[in-house]
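Survey of secondary and tertiary structure
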Amino acid sequence: ASATPFAAEMPVPTVLRPTSRTRDTDFYDIRMFDTTAEVIPGLVTGVRTYNGSFPGPTIRAARGRQVVVRHHNGLAVDTSVHLHGGHVPAGHDGHPMDLLKPGATREYHYPNAQAAASLWYHDHAHGLEAENVYRGLHASYVVTDEHERGLKLPSGKYEVELQLRDARIEQDGTLTFTRAQSRPHLLVNGRERPHFRVAARKYRFRVYNVSVDRFMSLRLADGGEFVQIGSDGGFLAAPVGLTELRLSAGERADVVVDFSRYKPGTSVVLQNTSALATENPDVLRFDVGFPAYDDSRVPPVLLAAAALPPATVERRFVLEWNAAQARYTINGQVYDPARVDVQAKLGTTEIWTVVNADAPAPAPNFHLNHNFHTHQTQFRVLDRNGVPVRPAEAGQKDVVMVAPGDTVRLALTWKNFTGRYVVHCHQLPHSDYSQMLEIEITA
Ligand code: C2O
């Protein structure tokens, strides 16, 4: 199926209201259930949802205030809710083996003792995570703080999430879970190639790549510049001007686009230059209206990067497709939750070298692209193939792209929480197919 391009209006995900609040905690209730959505105008598509919306509702958390989410699994499949990018105790992390069975209810506690950042929550039931996320179990979780408010960035209706992902939607509206090469539909906030009416002023966009395994390179069709102010784990040290933004599955970028340079009544299209030759590269059309009052700004300094403590442990992780076993591996092994692959100590800073040993692939989105995601902590990317990464990639991250042949080094520190977590390739069909490690942090 395919709609007239840009026919639908882009929805903005609704912000979930707490069911109750105390002095230091906000309580939320979420029910997972199957329902339908109008992804392409005029078609009815079955989706798997948090609270009936596709994508799920946004949770806005304030740094220092605890959030408790009571999740009820009203689906016929197992789930596990992971707060991606969250610094949370092991029992609330949504470990892939810590399942929420059909009919079960449980609470997840999030301390939000971390800097303002665009996190997200999504399913992580081992072996099902790719399909569960693909069918709709993905939503934004935004942490805000005082420092952010002081920056005076565009806010309110001028601060908008863009959850980008691909899909395959059949003529009858059916959402088919299939390989990336056969998923031609590009969705923004659950709608195929929509338009979004903007005022001729600055907007802040929290751009999420919630695809299960698609790399995207985003640019404005006129080559216009935008400014990146944040990455996965929060603000960059300083704004970075860009004309192209690359995001692998699971990565986020916080960007400011100034539409005041466009004439009212004109449009500019956001495109994915990594689209396959057979696909429409268009993602979203911004329709520029009249100027609006704008006292927001993008300050030259956003957040000074903390000094890295000296590292005392080094580890190496090699990501590789094993054709004989038909499995994705790390250091030659497939995931086994009964085996602890990495024993780490609280308070330790480590340097990890992550290698994609698979050969360069002929086309984008080919299954030998990998990336690397850590639970429990953010990290800093030091270099790629020996070259320091560009400033936009040098902030707090929790997913890093590791293209075929690449070697990436990152630094991380284990703080606050002990217990079992995982690290994995965030190409979710890869982590499903065992490209994941069990890590145990001890005091
Ligand atoms: Cu977003 Cu372990 O994942």
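Residues numbered from 1 in each chain as written. Predicted model: local features only at pLDDT ≥ 70, side-chain atom pairs only at ≥ 80, totals over all residues. Heavy atoms only, no water.

**Brief notes about the sheet that holds strand 21 (residues 282–291)**
Spatially, 13-21-20-15-18 is the arrangement adopted by the five strands of the open sheet, whose pairing is mixed. Both outer strands of the open sheet, strand 13 (195–200) and strand 18 (245–247), are each paired with one neighbouring strand and no more. Across the sheet, the mean angle separating the axes of adjacent strands is 25° when strand polarity is ignored. The sheet contact formed by strand 20 (residues 267–272) and strand 21 spans five bridges and is antiparallel. Opposite Val 269, over in strand 21, you have Arg 285 as the bridge partner. (Pairing = 2+ DSSP bridges. Helix = DSSP H or I, 4+ residues; strand = E, 2+ residues; numbered from the N terminus. Axes fitted to C-alpha atoms, helices over the stretch in contact; angles between N-to-C directions.)

**Remarks on empty space enclosed by the protein**
Taken as a whole, this structure holds three cavities of 30 Å³ or more when the rule is applied. Roughly 110 Å³ of volume is contained in the largest cavity. Around the largest cavity sit Leu 162, Leu 164, Phe 205, Val 207, Leu 218, Leu 220, Phe 226, Leu 245, Val 255, Val 257, Leu 270 and Phe 286, which together line it. For the lining of the largest cavity, the secondary structure elements donating two or more residues are strand 10 (159–167), strand 14 (202–209), strand 15 (216–220) and strand 19 (252–258). Of the residues assigned to the lining of the largest cavity, the class counts are 12 nonpolar, no polar and no charged. Within this model, the second largest cavity holds a volume of roughly 50 Å³. Around the second largest cavity sit Ala 116, Ala 117, Ser 118, Glu 148, Arg 204, Arg 206, Gly 230, Ser 231, Gly 234, Phe 235 and Asp 254, which together line it. Elements supplying a minimum of two residues to the lining of the second largest cavity: strand 8 (117–123), strand 14, strand 16 (226–231) and strand 17 (234–242). Grouping the amino acids of the lining of the second largest cavity by side-chain chemistry returns three nonpolar, four polar and four charged. The residue makeup of the lining of the second largest cavity includes at least three contributed by each of domain 1 (20–146) and domain 2 (151–291). (1 Å grid on protein atoms, 1.4 Å probe; cavity = no way out; pocket = protein on both sides within 12 Å on 5 of 7 lines; lining within 4 Å. Points joined across faces, edges and corners; volume = space filled by probe spheres on them. Nonpolar A, V, L, I, M, F, W, Y, C, P; charged D, E, K, R; others polar. Domains from an automatic or database assignment.)

**A few points about the domain arrangement of the protein chain**
When cut into domains, the protein chain gives domain 1 (20–146), domain 2 (151–291) and domain 3 (313–442). Averaged C-alpha coordinates put domain 2 and domain 3 at centres separated by 26 Å. Each partner contributes to the roughly 1,900 Å² buried at the junction of domain 2 and domain 3, and carbon and sulfur atoms together form 54% of this total. Counting across the domain 2 and domain 3 interface gives three salt bridges. One salt bridge connects Glu 251 with Lys 397, and the closest N-O pair in it is separated by 2.6 Å. For the pair domain 2 and domain 3, the interface holds 12 residue pairs in polar contact (both at pLDDT 80 or more). For the side of domain 2 that touches domain 3, the secondary-structure elements that each account for two or more residues are strand 16, strand 17 and strand 18. Sorting elements by how many residues they give to the side of domain 2 that touches domain 3 places strand 17 first, with three residues. Residues belonging to the side of domain 2 that touches domain 3 are distributed by class as follows: eight nonpolar, eight polar and six charged. (Buried area = accessible area lost by both parts, 1.4 Å probe. Salt bridge = Lys/Arg side-chain N within 4 Å of Asp/Glu carboxyl O. Polar contact = N/O pair within 3.5 Å; in protein donor to acceptor, adjacent residues only side chain to side chain.)

**Thoughts on the environment of Gln 396**
Looking at the element boundaries, Gln 396 is found in strand 29 (residues 396–397). For Gln 396, a relative accessible area of 30% translates into the label partly exposed. Ignoring any residue separated from it by four or fewer positions in sequence, one finds Gln 396 in contact with Ser 231, Asp 232, Gly 233, Gly 234, Gln 378, Phe 379 and Arg 380. (Buried < 20%, exposed > 50% of the residue type's maximum accessible area, 1.4 Å probe, protein only. Contact = heavy atoms within 4.5 Å.)

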